[in-house]
Amino acid sequence: AQSPRFGNGYENLSRRTTGGKIRVGDTIDIKMAVHLPWGFNGGNNGKIFNVRFLDSLPTKTTMLNGPTDSIRILTNEDLTFSRYTPTTGDDAASYIANPASGEYHIKINLGSSPNPPANNTITDNTGSRTINLTNNWPYGDNPKWWTGHIFSTSYRVRVTGNIGDTIVLTGGRFVYKLSGGAADIIVRGVPYKMVIGQDDLLCTGGFSINYAGESNGTFGAGNTLNRPGGPSSLVPDYGYISNVSGSGNVAINDGFYGIVNNASPWSGTSRTARRVPNCSGGAIAPMDSCKYRMFGGNWEVEGDHTGAATKWGNNPPAAGQTGGYMLLVNADYITSDAYEHTVTGLCPNTFYQFSAWFRNVCRTCGADNNLNGTLRPGVMPSLSFAVNGIDYYNTGEIDTTGWIQKAFLFKTGLTQTSAVFSIRNNSQGGGGNDWAIDDINIATCGPASSLNYQPLLGCNNGTLVALSDTVRYRYNNLYSWYKWERSTDGGVTWGPPPTPTTGNITPTLVNGQYQFITNYPPFLAYAADSGHRYRVVVATTEANLNSSGCSFADQSSVLLKLIDCTKIVDASITLFNAKIDADDIATLNWVVSTEIDMVRYEIEKSTDGNNFTKIGSINARNVNALLEYFFTDPQVVTETVYYRLKIINNNGTFKYSKVISINKAIEFQVNSILNPFSNTIQADVLMPEAGVIKMLLYDSYGRIVARENKNVFKGLNNLTYSSFQKLASGIYIIRFENNNKLIQRKLTKI
């Protein structure tokens, strides 16, 4: 026979619908959910005896025991079944503010017509009664559920601690006997922990994506209902269903989950398919039958969230049609973890943002004490986010109003580099509590910086350049370490500038943000400095500053544009790239839209990106038309090499093109990218072989706002993506994918 299941949880009444962190002064409903299967003690005619519940108040809280407060027994739908006063001796519940040794703060006698307890010890069974678990109608005690009895005890407390304190639920005890003379059986709940926090100001400035599990949190895509591969991290308290099927009659029952591209077990495509109680009568058109909904007419027929244009998500894909996957959960009867993943490679002393999209998938799953359907959502999903076993955030109740994103911030310790992220079902199951999750994102919250120098034209006698950078962040004493860097190849590689400049500056509070200003020593720049870029890299510690994975450069850089003050060379190059053939011979190709008084193009080559040597030249045609040129390097490419064009006018003035690179052992690389951008994004992508580049553009909330596939050839490709006029100004992440390799950059839209 099955055993009873018992688990404690909580509901933040102050944040019941909105969700958020536990705050000082919040009202918390402490619940202890119990699932008693039908007749699990069949040897005693489906009865258990002397049933009672005991608990001590969670730490950092006080009991609410005023004249309007109560201790309650709740049904599976969170409705009050029995109500008791928080005093002693007048009913079946007792509260003691200062319990003696061996006593508990709270005691509730359970069963049919219970009486007051004699004391609040675990051994006293005075007044406790019997629960009849038979399912023979109308016998058996309420509250009932389809699989037995689901109910919970409840009492309310107020948070009294300080920000940063940890509230510990003691776990509670559910006590019963199998017969009148048998020994007590004691079942203890899990002692969950919650941190007291404050409302977060989520990332709106710089950020970088760190989470790479489950296809970067999207769970991937495919043309089969069930994802071929299982979850990356199995959840111990839940069962994974790999073969959800209408024809095979395999559903996602309570305490199980699957990874599917459609919530319909038959891959239905009609979101308006019939649902209970309107499943019979009249002609049923294809896809309109209740059978296309899980459990014969209840769950939604819906697709996933990734890239969706509205809160209702993507259209449900038909059988054999490709669609994005999501994790679909039928929550367990008691509170328990429903998702878990260990993330490594985190940076110490750094703020991270954890976010995900959720959806309540059943609007008709409610049922009352007599097992009658209520045609309501019933139990609303309420989910807790935990890091290393400590709750940081609760979603609040998730209604049936489409996909909704929930997010919170947490900070790693001084030496912390990994964390276990988990999502717990915090509502008792039964009659609802069915939900989907998609687009999980764990991102570094970085600062925003702005350089004060605007590109200028210089002269032969030099131009004085004074660079300064203002770094702004919402939180104090974090990104205070900095260093200046310079790039001489258009932002492909970065290194120390001629005058290495690094340090630590204490930020000050300015207009609600903490900021500091760092100045680079002024210098004279000449034509040879044209095209050099400068930027500032910041980190939370000196050690992080020297780690490429834990320092932060938000791509805010300044480009020096300095040329001779004589006639500016009038030649506009719209394309400059290189490709390498099977014999390791490099061919350069450039396109010119304008040529006026041009003499020639000199091709220069370098092995280090700094020191260039002329390897050939091509005379200009000086034709008022779009012109294309080709040049083949006479030497075989054996290592990484760099090329640039020296564009020479008939009066002797010249200017240089951008620098491009190529390698015999080519790897998939993004060498440079236009940043900031306005309506067009340009990127130089190095390819090891011909193929397809998949581009995804994410906004600061992790939503896909643009995507495009392009065919590319082996070598350096100059890619252009257009039509971003409607995008709002702000921070974006662009991601390039090729053969399961990902490269991403952060961009600023102006």
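Please refer to the structure higher up on the page.
Not measured: the values here are computed from a predicted model.

So, how was this worked out
- Residues numbered from 1 in each chain as written.
- Predicted model: local features only at pLDDT ≥ 70, side-chain atom pairs only at ≥ 80, totals over all residues.
- Heavy atoms only, no water.
- Helix = DSSP H or I, 4+ residues; strand = E, 2+ residues; numbered from the N terminus.
- Buried < 20%, exposed > 50% of the residue type's maximum accessible area, 1.4 Å probe, protein only.
- Areas by Shrake-Rupley, 256 points an atom, 1.4 Å probe, with all protein chains shown as cover.
- Lys, Arg positive; Asp, Glu negative; His and termini not counted.
- Charge placed at Lys NZ, Arg CZ, Asp CG, Glu CD.
- Phe/Tyr/Trp six-rings, centres within 6.5 Å; stacked < 30°, edge-to-face > 60°.
- Lys NZ or Arg CZ within 6 Å of the ring centre and 35° of its normal.
- Disulfide = S-S within 2.5 Å.
- Salt bridge = Lys/Arg side-chain N within 4 Å of Asp/Glu carboxyl O.
- Pairing = 2+ DSSP bridges.
- Axes fitted to C-alpha atoms, helices over the stretch in contact; angles between N-to-C directions.

**Q** I'm lost on the overall build of the chain in this one. Help?
**A** Of regular secondary structure, the chain possesses 3 helices and 52 strands. Its C-alpha atoms give the chain principal-axis dimensions of about 110 × 65 × 40 Å. For the chain, the residues scored as buried account for 55% of the 750 residues in total. Split by element, the accessible area of the chain, about 30,800 Å² in all, is 49% carbon and sulfur. Between the averaged position of the 62 positive side-chain charges in the chain and that of its 58 negative side-chain charges there is a distance of 3 Å.

**Q** How should the packing of aromatic side chains be read in this particular structure?
**A** Centre distance and the angle of the planes are the two values used to describe a pair of aromatic rings. Scanning all chains against the criterion turns up 36 aromatic pairs. Note on Phe354 and Phe421: the rings are 5.0 Å apart at their centroids and 25° apart in plane angle, and the pair reads as stacked. One end of the pair, Phe354, is in strand 22 (residues 351-360); the other, Phe421, is in strand 26 (residues 418-425), and 67 residues separate them in sequence. Grouping residues by exposure puts Phe354 and Phe421 together as buried. Judged by centre distance (6.1 Å) and plane angle (40°), the rings of Tyr482 and Phe516 are tilted. Taken together, the residues Tyr482 in strand 31 (residues 481-487) and Phe516 in strand 34 (residues 513-519) connect sequence positions 34 residues apart. Across the pair, Phe516 and Tyr482 agree in class, each one buried. Cluster of aromatic residues (ring-pair linked, three or more members): Tyr352, Phe354, Phe358, Phe385, Tyr392, Tyr393, Phe408, Phe410, Phe421 and Trp435. Here Arg535 stacks its cationic end above the ring of Trp494, 4.2 Å away from the centre of that ring. One Lys or Arg, Arg621, reaches over the ring of Tyr629 and ends 4.5 Å from the middle of that ring.

**Q** Please clarify how the state of the cysteines should be interpreted in this entry.
**A** Should the sulfur atoms of two cysteines be covalently bonded, the bond is a disulfide. The final tally for this structure, using the stated rule, is 3 disulfides. Here Cys279 is linked by a disulfide to Cys290, with a sulfur-sulfur distance of 2.1 Å. Here the disulfide of Cys279 and Cys290 is left-handed, its torsion about the S-S bond being about -90°. Here the residue Cys279 occupies a position in the loop between strand 18 (256-260) and helix 2 (294-297), and Cys290 occupies one in the loop between strand 18 and helix 2, the gap between them amounting to 11 residues.

**Q** Any chance you could explain the pattern of salt bridges here in plain terms?
**A** Any two side chains of opposite charge can pair, on the condition that their charged atoms come close. For the coordinates displayed, the defined rule picks out 31 salt bridges. Asp78 is the partner of Arg16 in a salt bridge, and the nearest nitrogen-oxygen pair spans 3.3 Å. Taken as a pair, Arg16 in the loop between strand 1 (5-12) and strand 2 (27-37) and Asp78 in the loop between strand 5 (71-74) and strand 6 (80-84) lie far apart in primary sequence, 62 residues in all. In this structure Arg16 comes out as partly exposed when scored by relative accessible area, which is 31%. Judged by relative accessible area, which is 22%, Asp78 ranks as partly exposed. Asp633 is the partner of Lys605 in a salt bridge, and the nearest nitrogen-oxygen pair spans 2.9 Å. Taken together, the residues span a long stretch of sequence, with Lys605 in strand 40 (residues 598-606) and Asp633 in the loop between strand 42 (627-632) and strand 43 (641-649) at a distance of 28 residues. Connected through shared salt-bridge partners, Glu11, Arg16, Lys31, Asp78 and Glu397 make up one network.

**Q** Help me understand the sheet that holds strand 33 (residues 508-510) in this model?
**A** Two pairing modes exist for strands in a sheet, parallel and antiparallel, and in both the strands are linked by backbone hydrogen bonds. Taken together, 4 strands build an open sheet; the order of strands is 28-30-34-33 and the sheet is antiparallel. In this open sheet, the two edge strands, each paired with only one partner strand, are strand 28 (448-451) and strand 33. The sheet shows a mean angle of 35° between the axes of neighbouring strands, taken without regard to direction. Bridging between strand 33 and strand 34 involves 3 bridges; their strand directions are antiparallel. Counted as the bridge partner of Val510 is Gln513 from strand 34.

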